[in-house]
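For reference, the chains in residue letters:
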Amino acid sequence: MSVQRAAQLVEAGLWLHMSGDVDGARRLFEQALKLDPSNQRAQQLLAGVATGAGFPAAVAPSPAPVDWRGTVTPVVPAAPAAAPKPSIALSKGRPSVPPGLRPRVEESELNWRALAAPMPGPAVNGEPPPVPVVRPVTFTPDATSAWDSQSNPGVRLDDVKPGLGDAMDLVCSPVRHEDASAAESQRIREEVDTLLRGARDLLDLDDHSGAMELILKAQQLAPSDPEVQSLRERSEKTLLAMYESKLWPLTSRPRVVLKDDEIIWLNLDHRAGFVLAQMDGTVTFEDLFEVCGMSRLDTARILVQLIDEGVIER
Amino acid sequence: MPEHVIGIDLGTTNSVVATVQGGQPTVIKNRTGSNLTPSVVAISRSGKRLVGQIAKRQAITNPTETVYASKRLIGRKYSSLQVQQAIKVLPYNIVPGEHDDVRVRMAGRDYALPEIAAMVLAELKADAEAYFGKPVNKAVITVPAYFNDGQRQATKDAGKIAGLEVLRILNEPTAAALAYGFGRNVTGKVAVFDLGGGTFDVTVLEVGNDVYEVLATGGDTYLGGEDFDQRIIEWMVLNFAKEHGIDLRKDRMALQRLKDAAEKAKIELSGVKETQINLPFISTPPGGGAALHLQAVLTRQKLEELTADLCDRTLKICEEVLSEAKIRPQDLKEVILVGGMTRMPKVVEGVRDYFKKEPCKGVHPDEVVALGAAVQANTLVADQGEVLLLDVTPQSLGVAIAGGYSRRLIPRNTTVPTSVSEVFNTSKDNQTTVKIMVLQGESELAHENELLGEFILTGLREAPRGEVEIDVTFEINAEGILSVSARDRETGQRQSITVTASGGLTEDELRRIMDEQRDYLLEARMSDELKQKRGELENVLREIGELFPRVKAITSGSEFGSDVLVKAEKGLADARRALEKNDLSEIAASADQMGRTLNLFRGVIQRIGG
């Protein structure tokens, strides 16, 4: 049991590491090793975290990583050199997503990734770096070509029309679909359970922000799960109280300490930039919660980040 | 000591409160230290009512729950052209009231326009009370010269809701002239050029021997500083899109920052030739990556280029108003600049060129109206030789006639009191009754004017059309109350109506809103106190929590120690319960008790703990 639990903790730790919470990940790997000292994966990962050397490829997390803020790290499928064309396709357009599941990769994200120019490598012997060939992402099977009479002269829509219902049943029986979706649901349930266990462990270790990241990932996978929701509400409340205690008293008026030309070198996003722009020495923390147009938790998190990084002071 | 009275300039974009102290009119700063309070009201995500600067700051990120420029709607009918036009451009939800009045829906509740204005007035009242340290109950409030009776009444209602006795509704240009003429002898025709945040008005006054008579007024309710800001925003957006391929208008946070920066840059360019616009981390590129900065230099010349047509529009309106009043620019003794936008050098230059004289400086253009209102308020309560303010009819008055047209009896800009009579005839054969519909407005078409009231004159002699003659008389007294009468010349039969201005609210509604406002203020005060006491108690609990282990260690084994610690623990538990219940009296009592415990702990550590 403890071996299985340790494996789950390693999995959750990997998620956390990919979200940038190295401390949270370290804690989970340590916890995993306490339960299963022989877990080689946990040992390797812990060593990787300690040295900052990163992880060996073999220990990368198995499922596609999901960013907790709502965007999904894209998985760019490699186009097979010669993908066999099916003799028949289910429908035109994108492959369907099983019911109850969100698409794992946003279309716009994929397009952006596919179109983004690759960064050229360093110059070698004064020669310009070789420009890598970018292969466009193509999805197969291609529904249009499947019905294309030229590429599939043997299959014509008109020919199969009278028996279309039967033909479709043959390739897409409801039973098979249910099987597939049940298997997918089961996989997701297991993933959610793993994430929730990791979150609870982190909560026990007082790492609320790390726990929150795992909870949000779990919520992306199971948006209406009551257990996830209640854990999220509880964690949000605790996190907010923690952040607010760092901002206390909320009636104080924060001021920006850094100069404009120093600020631009920071690593902030546009939301932090917006919060920062609201501080003119007259607004209080309480005012900022009202004017920033974000949730109280998000605003508080950004404010604490700005204080921790020495950008603002109370 | 006389009671404190205030003058309020209730503006479309900003409002100002002033008073007269030691014989000098003075602006009262708001509680954030600024002279101007944005006329913006909002309900935040958390359901909190926001007024002024804080409401303005979130106007773009919370557009549907933020009300600005409500002055354009106050006292108007929902079905009026102006309101229908406003609905198209304002992002908040405007809905019809029960009597064709205008309501604004915020956070699921419908607010009458006087209620919205009252929120701003209440804020200004509170600022004045903070300044004087005692309650303020009386005020003079200014309105544009073109405001009709309904709009003036609605502004009065707003004052009432805010807990103010409105001593007088004063025309803005009159107030400006009063402030400008304060302490000096100004006589002759004076033009007031008022380019504010959202509207432009130009008014010509005849000033002499403490008499201020409005000769003509006109303007554009959709021309002001915000249009200048918009041009700067468009310029910034275009340049950023060229450089990064990102349209910043699609991001509300970015747009809010652009608006703030545009206004700041515009103000700076009135004093300097160029200004730096720095908006770090304005946008994160799609798909992630480092956030982008917007850095630009805007010159005064560029700003003038971007807004040249807006400046020209103001001068065109001046031309129209002066020509209608048959006044030449050279007939004017002075030109007074009002509104923050008149600080822009290009605007001053345009005024100078058109009026052929240097416009008056010396009074802050943002504050001059409020200062004038304060002067008038002070005069009214101090009973210092009444200054006679002659008002004019802001809009034409007339009756509906056959064919759906309007017959104007009293043209706009007529000085009140006034009385006009005209003879009308029946339009049908054997017509025994005639309906008199009293209209206000400038349109030739009856339905495009505002219907102020109607009555029927009966008992007319049966005769072919055009034979029966009816005298119609319009009379406006010094209080601005309009009486209309119709008399059958042959029989002497008479019927009349008195039109009392309505701000859109019935007496009952007004009373209910006033009660609600009182309850709200009471609740807000309680909530502020609760927040303060909670904060106090939480601070004390935190400190006690930190000291507890040390006190425990120091006093361990002693009877005193165990007694104190047991009591403290009980107190802590009670305090946590009080915080959970969120009850003001319990929290206050707990804060007192735990404050004493904290003092005791500190004493123990100081004396015994070293």
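All of the points below concern the structure found in this document. (Residues numbered from 1 in each chain as written. Chains lettered and ligands numbered in written order. Predicted model: local features only at pLDDT ≥ 70, side-chain atom pairs only at ≥ 80, totals over all residues. Heavy atoms only, no water.)

### What to know about the sheet that holds strand 20 (residues 397–401) of chain B
Residues and elements named next belong to chain B. Pairing in this open sheet of four strands is antiparallel, and the strands run 21-20-23-24 from one edge to the other. A single partner strand is all that each edge strand has here, and the edge strands are strand 21 (405–410) and strand 24 (450–457). Between one strand axis and the next, the sheet turns through 30 degrees on average, direction left out of account. Note: strand 20 against strand 21, five bridges, orientation antiparallel. Bridging across to strand 21, Val399 finds its partner in Arg407. (Pairing = 2+ DSSP bridges. Helix = DSSP H or I, 4+ residues; strand = E, 2+ residues; numbered from the N terminus. Axes fitted to C-alpha atoms, helices over the stretch in contact; angles between N-to-C directions.)

### Some points on unusual backbone geometry
Residue and element names in this part refer to chain B. Of note in the backbone geometry, Ala69 takes a positive phi value of approximately 50 degrees without being a glycine. The topology assignment puts Ala69 in the loop between strand 7 (66–67) and helix 2 (81–89). In this structure Ala69 comes out as buried when scored by relative accessible area, which is 2%. Unlike most non-glycine residues, Lys356 shows phi in positive territory, near 60 degrees. Assignment of secondary structure puts Lys356 in the loop between helix 10 (345–355) and helix 11 (368–382). (Buried < 20%, exposed > 50% of the residue type's maximum accessible area, 1.4 Å probe, protein only.)

### Considerations on the pattern of salt bridges
Evaluation of the coordinates by the stated rule reveals 57 salt bridges over all chains. For Arg301 of chain A, the salt bridge goes to Asp298 of chain A, with nearest N and O atoms at 2.8 Å. A residue pair is termed a helical-turn pair when its members lie 3 or 4 positions apart in one helix, as Arg301 of chain A and Asp298 of chain A do in helix 14 (residues 296–308) at three residues. The salt bridge partner of Arg512 of chain B is Glu516 of chain B, with a shortest N-O separation of 2.8 Å. (Salt bridge = Lys/Arg side-chain N within 4 Å of Asp/Glu carboxyl O.)

### What to know about the sheet that holds strand 9 (residues 102–106) of chain B
Residues and elements named next belong to chain B. Spatially, 8-9-10 is the arrangement adopted by the three strands of the open sheet, whose pairing is antiparallel. Each end of this open sheet is capped by a strand with a single partner; those strands are strand 8 (93–96) and strand 10 (109–112). Strand-to-strand, the axes of this sheet are offset by a mean angle of 40 degrees, without reference to chain direction. Both strand 8 and strand 9 contribute to a ladder of four bridges, which runs antiparallel. Paired with Pro96 across the bridge in strand 9 is Val102. Contacting strand 9 and strand 10, helix 3 (residues 113–132) runs over the sheet at an angle of about 80 degrees to strand 10. (Contact = heavy atoms within 4.5 Å.)

### Structural notes on helix 3 of chain B
Residues and elements named next belong to chain B. When the terminal C-alpha atoms of helix 3 are compared, their 29 Å separation across 20 residues agrees well with the 28 Å that a helix rising 1.5 Å per residue should span. For helix 3, a buried count of 15 out of 20 residues is recorded, marking the element as mostly surrounded by other parts of the structure. Positive phi appears at Gly133, one or two residues downstream of helix 3, with a value of about 75 degrees. (Expected span 1.5 Å × (residues − 1).)

### Quick notes on the packing of helix 12 (residues 507–555) of chain B against helix 13 (residues 559–581) of chain B
Residues and elements named next belong to chain B. It is at 11 Å that the axes of helix 12 and helix 13 come closest, and there the two elements cross at 155 degrees. Judged by the inter-axis angle, helix 12 sits roughly antiparallel to helix 13. Handedness of the crossing formed by helix 12 with helix 13: left-handed. Here Arg534, Leu537, Glu538, Leu541, Ile544, Phe548, Val551, Lys552 and Thr555 of helix 12 come into contact with helix 13, specifically with Phe560, Gly561, Leu565, Ala568, Glu569, Leu572, Ala575 and Leu579. By residue class, the composition of the contact of helix 12 with helix 13 is eleven nonpolar, two polar and four charged. (Parallel < 35°, antiparallel > 145°, perpendicular 65-115°, else oblique. Left-handed = near helix turned anticlockwise from the far one by under 90°. Nonpolar A, V, L, I, M, F, W, Y, C, P; charged D, E, K, R; others polar.)

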